[in-house]
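# Analysis of the macromolecular model
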Amino acid sequence: MSRVLARRIKMAEEIRRVAGETPSSSSSPSVSQSRWAWPSVLRWIPTSTERIIAAEKRLLSLVKTGYVQEQVNIGSGPPGSKISWFRSTSKEPRFINTVTFDSKESNSPTLVMVHGYGASQGFFYRNFDVLADRFRIVAIDQLGWGGSSRPDFTCKSTEETEEWFIDSLEEWRKAKNLSNFVLLGHSFGGYVAAKYALKHPEHIQHLILVSPVGFTPETDQSSERVTKFRATWKGMIFNHLWESGFTPQKIIRGLGPWGPDLVRRYTSARFGSHSTGDVLSEEESTLFTDYIYHTLAAKASGELCLKYIFSFGAFARKPLLQSASLWKAPTTFIYGYHDWMNYQGAQQAREDMKVPCDIIRVPQAGHFVFIDNPSGFHSAVFHACRRILSPDNNSENLPLPESLLSA
C-alpha cells in the first residue's frame with residue numbers, strides 16, 4: 001500500500017505543478033486545506049464533489065476564453081412529474097453544474113453542449129476556444145454526473161429514466177431562461193438531446209447529434225452476434241451483470257487507490273490513437289486523467305440508467321428510429337470516420353424525416369471525434385449551423401468543407 005500511496009502523492013504533486021502550484025509556493029494552504037489533503041489521499045475512493053469541481057477548474061485552465069462556472073438550481077422536481085430525482089421523502093433542491101463561455105462576437109447564437117455516458121462537460125475542453133469565436137457556449141454536466149447533484153437513482157422503467165434526463169434538462173433551461181438555441185449532444189447525450197428535441201422542439205434552432213447512441217433496435221441484423229454470444233456461458237454472465245445494473249464505474253470504485261492508475265492507462269491508450277497527430281500533451285494528459293477519475297469514481301447516480309435505456313449490446317429499448325417521422329428540428333449528425341457507432345442508423349432515420357438533415361463523417365477520428373480531430377469537428381459544427389451563423393449570405397448552398405465526408 002505504501003507504493004500506491006507514494007504514487008498518489010506523486011500524482012497530486014504533478015497536478016499542482018501543471019496547475020501552477022508547487023509545494024514551495026508562497027501562498028500557504030489554509031488550515032482546512034491542510035486538514036483534508038492527507039485524508040483524501042488515504043481514502044479508499046479518494047474523491048468528492050469538491051475535488052470534481054477543482055479538477056474541472058484545473059482542466060479548463062487550458063482554455064484561453066474566459067468562462068463562468070455555476071451550480072444552477074433546478075428545484076426538487078418538476079411540477080406534476082411522477083419522476084423522483086432523489087429519495088421520495090426529500091425536498092432537497094438539485095443542481096446542474098454549468099459553464100458558460102461568452103462569444104467573442106456580439107449577438108451570437110447559443111450552443112448548448114451535452115456530454116455522453118460516463119463523461120462530463122470538461123470533455124469538450126479542446127473545443128471551447130474555437131467554438132466561442134462564433135457561439136455563446138453553455139456546457140452542462142447532466143443530472144447524476146460530473147459536478148452536478150448525484151441523487152439516488154430510483155427509476156424503474158425506460159419511460160421514467162428518459163423523464164429523469166429530459167425533465168431535468170428542461171428545468172435547467174427554465175432556470176437559465178434559454179430559448180431558441182442550438183442543442184448538441186454526444187453519444188448518450190445525443191440520445192437525450194434527441195428525446196428532448198422531440199418533446200420541446202419549440203426551443204431548438206438546430207439539433208447536432210455527435211455519434212449518437214439509440215438508433216439501432218434489437219431487431220437489427222447486427223444483433224445476431226449479440227444473441228449468439230448471450231447463449232454462451234460468458235454471454236449469460238455479462239447479460240446478468242448488465243441487467244443487475246453493473247457499470248464500468250463500479251470497477252473504478254472497487255479498485256480504490258488503484259483506480260487513478262487504471263484511468264491513466266485508459267486515457268493514454270484511448271486518446272493517443274484515432275487522432276490527427278495532435279495527441280494529448282503531458283500536461284493535458286495529467287489534467288484530463290485526474291478530471292476523468294474524479295467524475296467516474298464519485299457516487300453512482302445517472303450512470304445507473306444504462307439497463308433501462310439499452311438492452312445488452314447497447315440496443316435501444318425505445319429506438320430513435322421509430323420517432324424519425326416526428327422530428328421537428330433541423331438536424332446534423334456528426335460521426336468519426338473510425339467511429340464504433342454506425343452512421344447507417346442515421347441514414348435510415350433521414351429517410352423518414354420531414355426536416356433538413358445532414359450526415360457528416362470526420363476523417364482521422366473515432367467516437368470522441370471532438371478530441372481526436374478538433375479542427376474537423378469544428379468545421380462540421382460550423383457547416384451544420386451555416387444557416388444560423390450566416391443567414392444573409394446564401395449559406396444554404398455552401399459546400400461541405402473538403403476535409404469532411406458526406407454520408
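Scroll up to find the structure.
Cut-offs applied
Residues numbered from 1 in each chain as written. Predicted model: local features only at pLDDT ≥ 70, side-chain atom pairs only at ≥ 80, totals over all residues. Heavy atoms only, no water. Helix = DSSP H or I, 4+ residues; strand = E, 2+ residues; numbered from the N terminus. Buried < 20%, exposed > 50% of the residue type's maximum accessible area, 1.4 Å probe, protein only. Contact = heavy atoms within 4.5 Å. Areas by Shrake-Rupley, 256 points an atom, 1.4 Å probe, with all protein chains shown as cover. Pairing = 2+ DSSP bridges. Right-handed = clockwise from strand over helix to strand, strands pointing away. Patch = residues over 30% accessible without salt bridge, like charges linked within 9 Å, V, L, I, M, F, W, Y side chains within 5 Å. Salt bridge = Lys/Arg side-chain N within 4 Å of Asp/Glu carboxyl O. Core = buried A, V, L, I, M, F, W, Y, C linked by side-chain atoms within 4.5 Å. Axes fitted to C-alpha atoms, helices over the stretch in contact; angles between N-to-C directions. Phe/Tyr/Trp six-rings, centres within 6.5 Å; stacked < 30°, edge-to-face > 60°. Parallel < 35°, antiparallel > 145°, perpendicular 65-115°, else oblique. Left-handed = near helix turned anticlockwise from the far one by under 90°.

## Focus: the overall build of the chain
Broken down by element type, the chain carries 16 helices and eleven strands. Put simply, the chain has 407 residues, and 53% of those count as buried. The contacts of the chain with a sequence gap of at least 6 include a subset with a gap of at least 24, amounting to 78%. When the accessible surface of the chain is split by element, carbon and sulfur atoms take 53% of a total near 18500 Å².

## A look at the pairing of strand β5 (residues 181-186)
The buried fraction of β5 amounts to six of the six residues, a majority that puts the element mostly inside the structure. Side chains Phe-181, Leu-183 and Gly-185 of β5 all project onto a buried face; the interleaved residues Val-182, Leu-184 and His-186 project onto the opposite face, where all are buried too. In terms of strand pairing, strand β3 (residues 110-114) meets β5 through four bridges, oriented parallel. From the neighbouring strand, Val-114 faces β5, where its bridge partner is Gly-185. Both β5 and strand β6 (residues 204-210) contribute to a ladder of six bridges, which runs parallel. Within β6, the residue paired with His-186 across the bridge is Val-210. Handedness of the crossover joining β5 and β6 through helix α6 (residues 188-199): right-handed.

## Observations concerning a nonpolar patch on the surface
On the surface, a nonpolar cluster with roughly 330 Å² of combined accessible area is contributed by Phe-246, Ile-251, Leu-255 and Trp-258. Tracing the sequence through the fold places Ile-251 in helix α9 (residues 248-254). Ile-251 sits in the partly exposed class, given a relative accessible area of 41%.

## Concerning the pattern of salt bridges
Enumeration over the complete set of coordinates arrives at 14 salt bridges. Notably, a salt bridge pairs Glu-70 with Lys-176, separated by 2.5 Å at the nearest N-O pair. One end of the pair, Glu-70, is in strand β1 (residues 68-75); the other, Lys-176, is in helix α5 (residues 158-176), with 106 residues separating them in the sequence. According to the relative accessible area criterion, Glu-70 is partly exposed, its value standing at 27%. We note a salt bridge from Lys-318 to Glu-159, for which the minimum N-O separation is 3.9 Å. Note that Lys-318 is positioned in the loop between β8 (315-316) and β9 (331-336) and Glu-159 in helix α5, a separation of 159 residues in sequence. Take Glu-159: its relative accessible area is 42%, and that puts it in the partly exposed class.

## Describing the nonpolar core
With 51 residues, the main nonpolar core has Trp-172, Leu-183, Phe-188, Leu-207, Trp-327 and Phe-333 as its most contacted residues. With seven residues, α6 is the single largest residue contributor to this core. When residues no more than four places from it in sequence are discounted, the contact partners of Leu-207 are Leu-183, Ala-193, Ala-194, Ala-197, Trp-327, Ala-329, Pro-330, Thr-331 and Thr-332. In terms of nonpolar packing, the next biggest core, distinct from the first, is built from 49 residues, Phe-101, Tyr-125, Phe-271 and Leu-296 among them.

## Considering unusual backbone geometry
Positive phi, close to 55°, is recorded for Asn-177, a residue that is not glycine. For Asn-177, a relative accessible area of 68% translates into the label exposed. At Ser-187, a residue that is not glycine, the phi angle is positive and equals roughly 55°.

## Here's the deal with the sheet that holds strand β2 (residues 94-101)
Each strand in a sheet pairs with its neighbour through backbone hydrogen bonds, running either in the same direction (parallel) or in the opposite one (antiparallel). Within the open sheet, the nine strands sit side by side as β1-β2-β4-β3-β5-β6-β9-β10-β11. Their pairing is mixed. Looking at the sheet topology across the chains shown, the edges are occupied by β1 and β11 (405-406). Inspection of the sheet shows β2 paired to strand β4 (residues 136-140) by four bridges, in the antiparallel sense. Residue Thr-98 lies in a different strand from β4, and its bridge partner there is Ile-140. Along the sheet, helix α3 (residues 49-60) contacts β1 and β2; its crossing angle with β2, the most-contacted strand, is approximately 10°. Lying on the sheet, α6 is in contact with β3, β5 and β6; it crosses β5 at an angle near 145°.

## What about the environment of Ala-365?
Note on placement: Ala-365 falls in the loop between β10 (357-362) and α14 (369-372). Classification of Ala-365 as buried rests on a relative accessible area of 0%. Expressed as a C-alpha distance, the spacing of Ala-365 and Tyr-335, which sit 30 residues apart in the sequence, is 8.2 Å.

## Concerning the packing of aromatic side chains
Counted by the stated rule, this structure contains 27 aromatic pairs. Measuring from centroid to centroid gives 5.4 Å for Tyr-117 and Trp-145, while their planes differ by 85°, and the two rings are edge-to-face. Placement of the pair is Tyr-117 in the loop between β3 and α4 (128-131) and Trp-145 in the loop between β4 and α5, with a sequence separation of 28 residues. Tyr-117 sits in the partly exposed class, given a relative accessible area of 21%.

## Observations concerning the environment of Arg-350
Relative to the elements of secondary structure, Arg-350 occurs in helix α13 (residues 344-352). Owing to a relative accessible area of 28%, Arg-350 belongs among the partly exposed residues under this scheme. Between the C-alpha atom of Arg-350 and that of Leu-321, which follows or precedes it by 29 residues, the distance is 9.0 Å. With residues up to four places along the chain from it excluded, the contact list for Arg-350 reads Cys-357, Ile-359 and Ala-407.

## Quick notes on the packing of helix α10 (residues 259-270) against helix α11 (residues 282-297)
The geometry of α10 relative to α11 is characterised by a closest axis approach of 9 Å and an angle of 125° between their N-to-C directions. When the axes of α10 and α11 are compared, the pair comes out oblique. Seen along the crossing, α10 lies across α11 with a hand that is right-handed. In this structure, α10 contributes Gly-259, Pro-260, Val-263, Arg-264, Thr-267 and Ser-268 to the contact, and α11 contributes Ser-285, Phe-288, Thr-289, Ile-292, Tyr-293 and Leu-296.

Geometry only, nothing functional implied.
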